[in-house]
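Notes for the structure review
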Amino acid sequence: MPQTKTLSLKTDAEKSRFLGRCYGWMAFALFVSAAAAFFTAANIFVTDEAAGRAVLSPLGKALFGTGMFGIKAFGFMCLCVLEIAVVIFLSAKIRTLSVFAASAGFILYSVINGITLSSIFMVYEITSIANAFLTTAVTFVIMCIYGTKTKTDLTKAGRYLVMALMGVILASVIHFVLKMITGAPLAMLDLLISIASVIIFTGLTAYDAQKIILTAQQAQNTDDYKKVAVLGALELYLDFVNLLLALLHLFGKRK
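The rules we used
Residues numbered from 1 in each chain as written. Predicted model: local features only at pLDDT ≥ 70, side-chain atom pairs only at ≥ 80, totals over all residues. Heavy atoms only, no water. Helix = DSSP H or I, 4+ residues; strand = E, 2+ residues; numbered from the N terminus. Buried < 20%, exposed > 50% of the residue type's maximum accessible area, 1.4 Å probe, protein only. Contact = heavy atoms within 4.5 Å. Expected span 1.5 Å × (residues − 1). Salt bridge = Lys/Arg side-chain N within 4 Å of Asp/Glu carboxyl O. Core = buried A, V, L, I, M, F, W, Y, C linked by side-chain atoms within 4.5 Å.

Broken down by element type, the protein carries nine helices and two strands. Each principal axis of the C-alpha distribution contributes one length, and for the protein these read about 80 × 35 × 35 Å. Scored against the burial criterion, the 255 residues of the protein give a buried share of 38%. Sequence-distant contacts, at least 24 apart, represent 75% of the contacts inside the protein between residues at least 6 apart.

As structure tokens, this is what we get:
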């Protein structure tokens, strides 16, 4: 009996350690992204004394100015592509990477994403950003608690949500192409994409939280589980950021 109790305490300790790593890494990544976003947003413009107005700084020109092939915001688009590449790389190579490499890759992604997120400060009022962040945080916490505590298996729902996400990504690409061709956004399609994104990432938050708690029940203090914790943190981070952007797009007040 004492041995069983000792094993139980050890299991609970490993579970708590794993969950701490997941949510700790996720919170740290959000902090890094916020810092990168604030720093970038604060340095996008400089004052042109001669013209008496704000103009793009060298950093602003690199991100949002006309770059290679005459493409506007070429640097920003390159960073978006790099973000996707880092996520794919981490997801595909997590088993072969060292704990340090996986952690460094996650931090790199959070910095890049923070730089791209700086654009929201150019588009939306700061009060709208704060309100969207607060709403996202409350929704995220509620869905994480639900995913952790519910007895319902969310695996099937998660598969449908992932398929729906693929549909949203395809619709977003089509919207982007049509916007480039017509020169104007399709308001109805844009609205539907935002609504669908809120629903999908709200559901995925609960699904990912359930996956993490199930993994935590088997967790051990090994490098493999440390890397899995980083990957779990990345999934939660993506849920949070994409939910924030969708809510901001729906309800944010533009400048």
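This brings us to helix α3 (residues 74-93). Given a rise of 1.5 Å per residue, 20 residues ought to cover 28 Å, and the 28 Å separating the end C-alpha atoms of α3 matches this to within 8%. Every buried residue of α3 is listed here: F74, G75, F76, L79, E83, V86, V87 and L90. Packing partners of the buried residues in α3 comprise α2 (58-64), α4 (99-117), α5 (119-123) and α9 (223-251).

The next point concerns the environment of A35. Mapping A35 onto the fold places it in helix α1 (residues 2-42). On the basis of relative accessibility, which here comes to 38%, the residue A35 falls in the partly exposed class.

Here we come to the pattern of salt bridges. One pass over the structure, following the stated rule, counts four salt bridges. Put simply, K227 and D224 hold a salt bridge, and the shortest N to O gap is 3.9 Å. Note that K227 and D224 are positioned in helix α9 at a spacing of three residues, about one turn of the helix. Residue classification places K227 among the buried positions, given a relative accessible area of 6%. One network of salt bridges, with partners in common, ties together D208, K211 and E235.

A general tendency of soluble globular proteins is for nonpolar side chains to be buried together. By size, the foremost hydrophobic cluster in this structure holds 38 residues, and its most contacted members are F18, M26, F106 and Y237. Of all the secondary structure elements, the ones that give two or more residues to this core are α1, α3, α4, α5, α6 (126-149), α8 (187-216) and α9. Per-element tally for this core: the top contributor is α9, with 10 residues. If you look at the next biggest cluster of nonpolar residues, it comprises 16 residues, including L161, V198, L243 and L247.

Below, the discussion takes up the side chain of S103. Relative to the elements of secondary structure, S103 occurs in helix α4. Contact partners of S103, with chain neighbours within four places excluded, come to W25 and V230.

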